[in-house]
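The primary structure of each chain is shown beneath.
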Amino acid sequence: MSFQNRKNKSDYDLDTAAYAAVSGVVPKAAGNEKKHTAAGSGAAFDGGEAGYSGDSKNGLRRTIINIRKTLPPDLHAAFSREIALRLFCREEYSNAYDIFLYASVGGEVDTAIIAEKALADGKRIAYPVSLPNGEMEFYYTASPSELLPGFMHIPEPPANPGRIALPLPERNPLMILPGVAFDRNLNRLGYGGGYYDRYIARFGKHFKYIAAAAYNFQIVPEIASLPHDKKPDFII
(Lines give C-alpha, C1' and ligand atoms only; values in the text may rest on other atoms or scores of the structure.)
Protein backbone atom coordinates (compact mmCIF):
# COMPACT_ATOMS: atom_id res chain seq x y z
CA MET A 1 0.00 0.00 0.00
CA SER A 2 1.41 3.37 -0.88
CA PHE A 3 0.91 7.05 -1.55
CA GLN A 4 2.52 9.06 -4.28
CA ASN A 5 3.74 12.55 -3.40
CA ARG A 6 4.09 15.87 -5.18
CA LYS A 7 7.22 16.05 -7.28
CA ASN A 8 8.25 19.48 -6.05
CA LYS A 9 7.07 22.36 -3.92
CA SER A 10 5.93 24.47 -6.87
CA ASP A 11 3.40 21.79 -7.77
CA TYR A 12 2.07 21.92 -4.23
CA ASP A 13 1.98 25.72 -4.15
CA LEU A 14 -0.02 25.83 -7.38
CA ASP A 15 -2.63 23.46 -5.98
CA THR A 16 -2.65 25.21 -2.60
CA ALA A 17 -3.56 28.46 -4.34
CA ALA A 18 -6.30 26.71 -6.31
CA TYR A 19 -7.67 25.07 -3.16
CA ALA A 20 -7.68 28.33 -1.21
CA ALA A 21 -9.42 30.12 -4.06
CA VAL A 22 -12.15 27.50 -4.15
CA SER A 23 -12.66 26.83 -0.43
CA GLY A 24 -11.67 30.06 1.28
CA VAL A 25 -9.49 27.93 3.58
CA VAL A 26 -5.71 28.29 3.63
CA PRO A 27 -4.32 24.78 4.07
CA LYS A 28 -1.38 23.85 6.26
CA ALA A 29 1.92 24.96 4.72
CA ALA A 30 3.63 22.21 2.78
CA GLY A 31 7.32 22.75 3.49
CA ASN A 32 8.95 19.32 3.25
CA GLU A 33 5.95 17.58 4.79
CA LYS A 34 4.66 14.70 2.70
CA LYS A 35 2.67 12.63 5.13
CA HIS A 36 -0.70 14.22 4.32
CA THR A 37 -0.42 14.16 0.55
CA ALA A 38 -1.23 11.66 -2.14
CA ALA A 39 -1.00 11.86 -5.90
CA GLY A 40 -4.36 13.54 -6.43
CA SER A 41 -4.29 17.27 -7.10
CA GLY A 42 -5.25 19.98 -4.65
CA ALA A 43 -3.78 20.78 -1.23
CA ALA A 44 -3.92 18.44 1.74
CA PHE A 45 -6.78 19.14 4.15
CA ASP A 46 -5.57 20.02 7.65
CA GLY A 47 -8.04 18.17 9.84
CA GLY A 48 -5.97 18.05 13.01
CA GLU A 49 -4.36 14.99 14.56
CA ALA A 50 -7.28 13.58 16.58
CA GLY A 51 -8.86 11.76 13.66
CA TYR A 52 -12.44 11.77 12.45
CA SER A 53 -15.18 9.54 13.85
CA GLY A 54 -18.91 9.63 14.50
CA ASP A 55 -20.50 13.03 13.90
CA SER A 56 -17.14 14.52 12.90
CA LYS A 57 -17.13 12.13 9.92
CA ASN A 58 -20.41 13.65 8.77
CA GLY A 59 -18.97 17.14 9.11
CA LEU A 60 -15.86 16.16 7.19
CA ARG A 61 -18.01 14.52 4.53
CA ARG A 62 -20.06 17.70 4.07
CA THR A 63 -16.96 19.90 3.96
CA ILE A 64 -15.08 17.86 1.37
CA ILE A 65 -18.16 17.35 -0.82
CA ASN A 66 -18.91 21.08 -0.79
CA ILE A 67 -15.32 21.97 -1.71
CA ARG A 68 -15.30 19.39 -4.46
CA LYS A 69 -18.57 20.63 -5.93
CA THR A 70 -17.21 24.17 -6.17
CA LEU A 71 -14.07 23.27 -8.12
CA PRO A 72 -14.10 25.40 -11.29
CA PRO A 73 -14.55 23.26 -14.41
CA ASP A 74 -11.06 24.01 -15.71
CA LEU A 75 -9.41 22.92 -12.45
CA HIS A 76 -11.62 19.85 -12.23
CA ALA A 77 -10.60 18.84 -15.75
CA ALA A 78 -6.91 19.59 -15.18
CA PHE A 79 -6.71 17.74 -11.86
CA SER A 80 -8.62 14.75 -13.26
CA ARG A 81 -6.30 14.58 -16.25
CA GLU A 82 -3.21 14.76 -14.01
CA ILE A 83 -4.50 11.90 -11.87
CA ALA A 84 -5.34 9.80 -14.94
CA LEU A 85 -1.87 10.34 -16.40
CA ARG A 86 -0.31 9.17 -13.15
CA LEU A 87 -2.36 6.00 -13.32
CA PHE A 88 -1.30 5.32 -16.92
CA CYS A 89 2.35 5.33 -15.83
CA ARG A 90 1.80 2.54 -13.32
CA GLU A 91 2.23 -1.16 -14.01
CA GLU A 92 -1.02 -1.85 -12.14
CA TYR A 93 -2.77 -0.16 -15.08
CA SER A 94 -0.62 -1.52 -17.89
CA ASN A 95 -0.92 -5.10 -16.61
CA ALA A 96 -4.69 -4.97 -16.14
CA TYR A 97 -7.02 -6.35 -18.79
CA ASP A 98 -10.20 -5.27 -16.99
CA ILE A 99 -10.77 -1.88 -15.34
CA PHE A 100 -13.67 -1.49 -12.89
CA LEU A 101 -14.57 2.21 -12.80
CA TYR A 102 -17.06 4.51 -11.12
CA ALA A 103 -19.14 7.11 -12.96
CA SER A 104 -18.08 10.53 -11.68
CA VAL A 105 -20.65 12.89 -10.09
CA GLY A 106 -20.51 15.96 -7.86
CA GLY A 107 -16.98 17.02 -8.74
CA GLU A 108 -15.41 13.59 -8.18
CA VAL A 109 -12.20 12.87 -10.07
CA ASP A 110 -13.44 12.32 -13.61
CA THR A 111 -12.81 8.76 -14.80
CA ALA A 112 -13.85 9.41 -18.41
CA ILE A 113 -10.21 9.88 -19.46
CA ILE A 114 -9.34 6.54 -17.89
CA ALA A 115 -12.24 4.85 -19.67
CA GLU A 116 -11.29 6.26 -23.06
CA LYS A 117 -7.63 5.28 -22.70
CA ALA A 118 -8.49 1.82 -21.41
CA LEU A 119 -10.73 1.12 -24.39
CA ALA A 120 -8.07 2.42 -26.79
CA ASP A 121 -5.57 0.08 -25.09
CA GLY A 122 -7.84 -2.91 -25.70
CA LYS A 123 -8.97 -3.27 -22.10
CA ARG A 124 -12.52 -3.93 -20.93
CA ILE A 125 -14.27 -1.41 -18.69
CA ALA A 126 -17.12 -1.96 -16.25
CA TYR A 127 -19.31 0.28 -14.11
CA PRO A 128 -21.47 -0.50 -11.06
CA VAL A 129 -25.24 -0.79 -10.77
CA SER A 130 -26.73 -0.30 -7.30
CA LEU A 131 -29.34 -2.89 -6.31
CA PRO A 132 -32.39 -2.47 -4.02
CA ASN A 133 -30.90 -4.92 -1.49
CA GLY A 134 -27.94 -2.63 -0.83
CA GLU A 135 -25.52 -4.61 -2.97
CA MET A 136 -24.07 -3.65 -6.32
CA GLU A 137 -22.88 -5.45 -9.42
CA PHE A 138 -20.58 -4.33 -12.24
CA TYR A 139 -21.44 -4.58 -15.93
CA TYR A 140 -19.18 -4.29 -18.94
CA THR A 141 -19.82 -1.39 -21.28
CA ALA A 142 -18.53 -0.66 -24.77
CA SER A 143 -18.46 3.06 -24.04
CA PRO A 144 -19.26 5.47 -21.20
CA SER A 145 -21.92 6.87 -23.54
CA GLU A 146 -24.04 3.81 -22.66
CA LEU A 147 -24.45 5.04 -19.08
CA LEU A 148 -27.85 6.38 -18.03
CA PRO A 149 -29.02 8.02 -14.77
CA GLY A 150 -29.70 5.37 -12.15
CA PHE A 151 -29.80 5.19 -8.35
CA MET A 152 -29.41 8.69 -6.84
CA HIS A 153 -29.03 9.95 -10.44
CA ILE A 154 -25.60 8.30 -10.69
CA PRO A 155 -24.93 7.12 -14.26
CA GLU A 156 -25.15 3.34 -14.59
CA PRO A 157 -24.71 0.85 -17.42
CA PRO A 158 -27.59 -1.31 -18.68
CA ALA A 159 -27.99 -4.29 -16.32
CA ASN A 160 -27.70 -6.86 -19.08
CA PRO A 161 -27.18 -10.32 -17.49
CA GLY A 162 -24.95 -11.27 -20.41
CA ARG A 163 -22.56 -8.42 -19.62
CA ILE A 164 -22.12 -8.84 -15.87
CA ALA A 165 -18.50 -8.23 -14.92
CA LEU A 166 -16.74 -10.43 -12.40
CA PRO A 167 -13.12 -9.86 -11.30
CA LEU A 168 -11.22 -12.78 -12.80
CA PRO A 169 -7.70 -13.06 -11.32
CA GLU A 170 -6.18 -14.14 -14.64
CA ARG A 171 -7.21 -10.78 -16.12
CA ASN A 172 -5.38 -8.76 -13.43
CA PRO A 173 -8.50 -6.70 -12.70
CA LEU A 174 -8.00 -3.18 -11.36
CA MET A 175 -10.73 -1.29 -9.50
CA ILE A 176 -10.77 2.51 -9.30
CA LEU A 177 -12.52 3.33 -6.04
CA PRO A 178 -14.35 6.59 -5.27
CA GLY A 179 -14.48 8.16 -1.83
CA VAL A 180 -15.02 11.39 0.03
CA ALA A 181 -11.81 11.36 2.08
CA PHE A 182 -8.81 9.16 2.84
CA ASP A 183 -6.03 9.24 5.41
CA ARG A 184 -2.32 8.48 5.24
CA ASN A 185 -3.03 4.89 6.33
CA LEU A 186 -5.43 4.50 3.39
CA ASN A 187 -8.54 4.45 5.56
CA ARG A 188 -11.51 5.57 3.48
CA LEU A 189 -14.54 7.73 4.21
CA GLY A 190 -17.29 6.96 1.71
CA TYR A 191 -20.79 8.33 1.31
CA GLY A 192 -22.26 6.24 4.12
CA GLY A 193 -24.14 3.65 2.07
CA GLY A 194 -21.56 0.88 2.37
CA TYR A 195 -21.99 -0.31 -1.22
CA TYR A 196 -18.28 -0.56 -1.98
CA ASP A 197 -17.45 -2.05 1.43
CA ARG A 198 -19.95 -4.84 0.82
CA TYR A 199 -18.81 -5.41 -2.76
CA ILE A 200 -15.14 -5.58 -1.79
CA ALA A 201 -16.02 -7.93 1.08
CA ARG A 202 -17.51 -10.25 -1.57
CA PHE A 203 -15.00 -9.88 -4.38
CA GLY A 204 -11.99 -7.91 -3.15
CA LYS A 205 -9.68 -10.93 -2.99
CA HIS A 206 -10.16 -11.46 -6.72
CA PHE A 207 -8.84 -8.01 -7.70
CA LYS A 208 -5.17 -7.66 -8.46
CA TYR A 209 -5.26 -4.09 -7.17
CA ILE A 210 -7.79 -1.62 -5.80
CA ALA A 211 -6.86 2.03 -6.30
CA ALA A 212 -8.56 5.20 -5.11
CA ALA A 213 -8.81 8.41 -7.12
CA ALA A 214 -8.64 11.54 -4.97
CA TYR A 215 -7.52 15.15 -4.90
CA ASN A 216 -4.95 16.07 -2.28
CA PHE A 217 -7.52 18.07 -0.32
CA GLN A 218 -9.37 14.78 0.22
CA ILE A 219 -6.42 13.44 2.25
CA VAL A 220 -6.74 14.03 6.01
CA PRO A 221 -4.45 12.99 8.88
CA GLU A 222 -6.64 10.23 10.29
CA ILE A 223 -10.05 8.62 9.78
CA ALA A 224 -11.35 6.23 12.41
CA SER A 225 -12.03 2.88 10.74
CA LEU A 226 -14.22 -0.10 11.58
CA PRO A 227 -13.52 -3.77 10.78
CA HIS A 228 -15.91 -3.74 7.81
CA ASP A 229 -14.30 -0.64 6.22
CA LYS A 230 -12.25 -1.52 3.15
CA LYS A 231 -9.03 0.19 2.08
CA PRO A 232 -7.52 0.73 -1.36
CA ASP A 233 -4.05 -0.59 -2.11
CA PHE A 234 -2.89 2.86 -3.21
CA ILE A 235 -4.18 6.35 -3.98
CA ILE A 236 -3.55 7.78 -7.41
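Residues numbered from 1 in each chain as written. Predicted model: local features only at pLDDT ≥ 70, side-chain atom pairs only at ≥ 80, totals over all residues. Heavy atoms only, no water.

A.B. asks: Got a sec to walk through unusual backbone geometry? Specific residues and values, please.
C.D. replies: In the Ramachandran plot, Met152 falls in the positive-phi region, its phi being about 55° despite a non-glycine side chain. By the element assignment, Met152 lies in the loop between β4 (148-149) and β5 (155-156). Notably, Asn172 is not glycine yet its phi reads approximately 50°, a positive angle. The partly exposed category is assigned to Asn172, whose relative accessible area is 22%. (Helix = DSSP H or I, 4+ residues; strand = E, 2+ residues; numbered from the N terminus. Buried < 20%, exposed > 50% of the residue type's maximum accessible area, 1.4 Å probe, protein only.)

A.B. asks: If you had to explain the packing of aromatic side chains to someone new, which residues and values would you point to?
C.D. replies: Throughout the structure, instances matching the rule amount to 10 aromatic pairs. Measuring from centroid to centroid gives 5.1 Å for Phe88 and Tyr93, while their planes differ by 55°, and the two rings are tilted. Residue Phe88 is classed as buried on the basis of its relative accessible area, which comes to 17%. An aromatic cluster of at least three residues, connected via ring pairs, comprises Phe100, Phe138, Tyr199, Phe203 and Phe207. Positioned above the aromatic ring of Tyr195, the side-chain terminus of Arg198 is 5.3 Å from the ring centre. (Phe/Tyr/Trp six-rings, centres within 6.5 Å; stacked < 30°, edge-to-face > 60°. Lys NZ or Arg CZ within 6 Å of the ring centre and 35° of its normal.)

A.B. asks: Got a sec to walk through the environment of His153? Specific residues and values, please.
C.D. replies: Position of His153 among the secondary structure elements: in the loop between β4 and β5. Residue classification places His153 among the exposed positions, given a relative accessible area of 68%. Linking His153 and Val105, residues 48 residues apart in sequence, is a C-alpha distance of 8.9 Å.

A.B. asks: Now, about the sheet that holds strand β2 (residues 124-130): what can you tell me, with residues and values included?
C.D. replies: Picture the strands of a sheet paired through backbone hydrogen bonds; they go either parallel or antiparallel. Read from one edge of the open sheet, 7 strands run β6-β3-β2-β1-β7-β10-β12, paired in mixed fashion. On the outer flanks of this sheet lie β6 (164-165) and β12 (234-235), each paired with one strand and no other. Sitting on the sheet, helix α5 (residues 112-120) is in contact with β1 (98-100), β2 and β3 (136-141), with an inclination near 140° to β2. (Pairing = 2+ DSSP bridges. Contact = heavy atoms within 4.5 Å. Axes fitted to C-alpha atoms, helices over the stretch in contact; angles between N-to-C directions.)

A.B. asks: Please provide a residue-by-residue account of the pairing of strand β7 (residues 174-177), values included.
C.D. replies: Within a regular strand, the side chains alternate between the two sheet faces. Burial of β7 is two-sided: the residues Leu174 and Ile176 facing one way and the residues Met175 and Leu177 facing the other way are all buried. Strand direction decides the pairing type here: β1 and β7, joined by 2 bridges, are parallel. Residue Ile99 lies in a different strand from β7, and its bridge partner there is Leu174. As judged from the 4 bridges shared by β7 and strand β10 (residues 209-212), these two strands associate in the parallel manner. Of the residues in β10, the one forming a bridge with Leu177 is Ala212.

A.B. asks: I'd like to hear about the pattern of salt bridges, residue by residue, with values.
C.D. replies: Between side chains of opposite charge, a pair can form as their charged atoms come close. Under the defined criterion, the tally for this structure stands at 8 salt bridges. Where Glu146 meets Arg163, a salt bridge forms, and the shortest distance between an N and an O atom there is 3.1 Å. Within this pair, whereas Glu146 is found in the loop between β3 and β4, its partner Arg163 is found in the loop between β5 and β6, the two being separated by 17 residues in sequence. Each of Asp98, Arg124 and Arg171 takes part in salt bridges that share partners, so that together they form one network. (Salt bridge = Lys/Arg side-chain N within 4 Å of Asp/Glu carboxyl O.)

A.B. asks: Let's hear about helix α3 (residues 73-88): which residues, and what values?
C.D. replies: In this model, α3 (16 residues) spans 22 Å end to end at C-alpha, consistent with the 22 Å of a helix rising 1.5 Å per residue. Of all the positions in α3, only His76, Phe79, Ser80, Ile83, Ala84, Arg86, Leu87 and Phe88 are classed as buried. (Expected span 1.5 Å × (residues − 1).)

A.B. asks: Which residues make up a nonpolar patch on the surface, and what values go with them?
C.D. replies: There is a patch of nonpolar side chains on the surface, built from Phe151, Met152 and Ile154 and spanning about 290 Å² of accessible area. Looking at where Ile154 falls in the secondary structure, it is placed in the loop between β4 and β5. Residue Ile154 is classed as partly exposed on the basis of its relative accessible area of 31%. (Patch = residues over 30% accessible without salt bridge, like charges linked within 9 Å, V, L, I, M, F, W, Y side chains within 5 Å. Areas by Shrake-Rupley, 256 points an atom, 1.4 Å probe, with all protein chains shown as cover.)

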